[in-house]
Amino acid sequence: MAFVKEIYLMTESFPASEKYGLSSQMRRAAISIPSNLAEGAARKGSKEFKQFLNIAQGSIGELDTQIELSLSLD
């Protein structure tokens, strides 16, 4: 949850032209991580839980790439 907050703070400093681009994409990816962890934990089977862990891991990879892209915008 703290990580999501950090992404929101980071994206606030982006140019207005990125409001619906990279900023929005990064925020959605960040929110997806704890959301998928929570949904997976609420499932009854370990197979389902692993599926949601994989989805969260995919969002982490996506966000990692987006952070790298945002750093190159400076």
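Residues numbered from 1 in each chain as written. Predicted model: local features only at pLDDT ≥ 70, side-chain atom pairs only at ≥ 80, totals over all residues. Heavy atoms only, no water.

### Comments concerning the environment of Thr11
Residue position: Thr11 is located in helix α1 (residues 2–12). With relative accessibility at 4%, the residue Thr11 sits in the buried group. Here the alpha-carbon distance between Thr11 and Ser70, two residues 59 residues apart in the chain, equals 8.9 Å. In this structure Thr11 touches Ser23, Met26 and Arg27, once residues within four positions along its chain are discounted. (Helix = DSSP H or I, 4+ residues; strand = E, 2+ residues; numbered from the N terminus. Buried < 20%, exposed > 50% of the residue type's maximum accessible area, 1.4 Å probe, protein only. Contact = heavy atoms within 4.5 Å.)

### Some details on the pattern of salt bridges
Within the structure shown, the criterion is met by two salt bridges. Between Glu39 and Arg43 there is a salt bridge whose closest N-O contact spans 2.7 Å. By relative accessible area, which is 35% here, Arg43 ends up partly exposed. Taking the shortest distance from any N to any O, the salt bridge between Arg43 and Glu48 comes out at 3.5 Å. Among the residues examined, Glu48 registers a relative accessible area of 32% and is labelled partly exposed. Put simply, Glu39, Arg43 and Glu48 are held in one network by salt bridges that share partners. (Salt bridge = Lys/Arg side-chain N within 4 Å of Asp/Glu carboxyl O.)

### Focus on α1
Listing the buried residues of α1 in full gives Val4, Ile7 and Thr11. Along α1, the residues classed as buried sweep out an arc of 55 degrees about the axis, all on the same side. Summarising the geometry of α1, the exposed residues directed more than 90 degrees from the buried face are Ala2, Lys5 and Glu12. (Arc of directions from axis to C-beta.)

### Examining the nonpolar core
Membership of the largest hydrophobic core is limited to ten residues, which are Val4, Ile7, Phe14, Leu22, Met26, Ala29, Ala30, Ile33, Leu63 and Ile67. Secondary-structure elements contributing two or more residues to this core are α1, α2 (22–42) and α3 (46–72). At five residues, the largest contribution of residues to this core is made by α2. Apart from residues lying up to four places away in sequence, Leu22 is in contact with Phe14, Gln66, Ser70 and Leu73. (Core = buried A, V, L, I, M, F, W, Y, C linked by side-chain atoms within 4.5 Å.)

### Re a nonpolar patch on the surface
A contiguous nonpolar patch, built from Leu37, Phe49 and Leu53 and spanning about 210 Å² of accessible area, is present on the exposed surface. Along the chain, Phe49 falls in helix α3. (Patch = residues over 30% accessible without salt bridge, like charges linked within 9 Å, V, L, I, M, F, W, Y side chains within 5 Å. Areas by Shrake-Rupley, 256 points an atom, 1.4 Å probe, with all protein chains shown as cover.)

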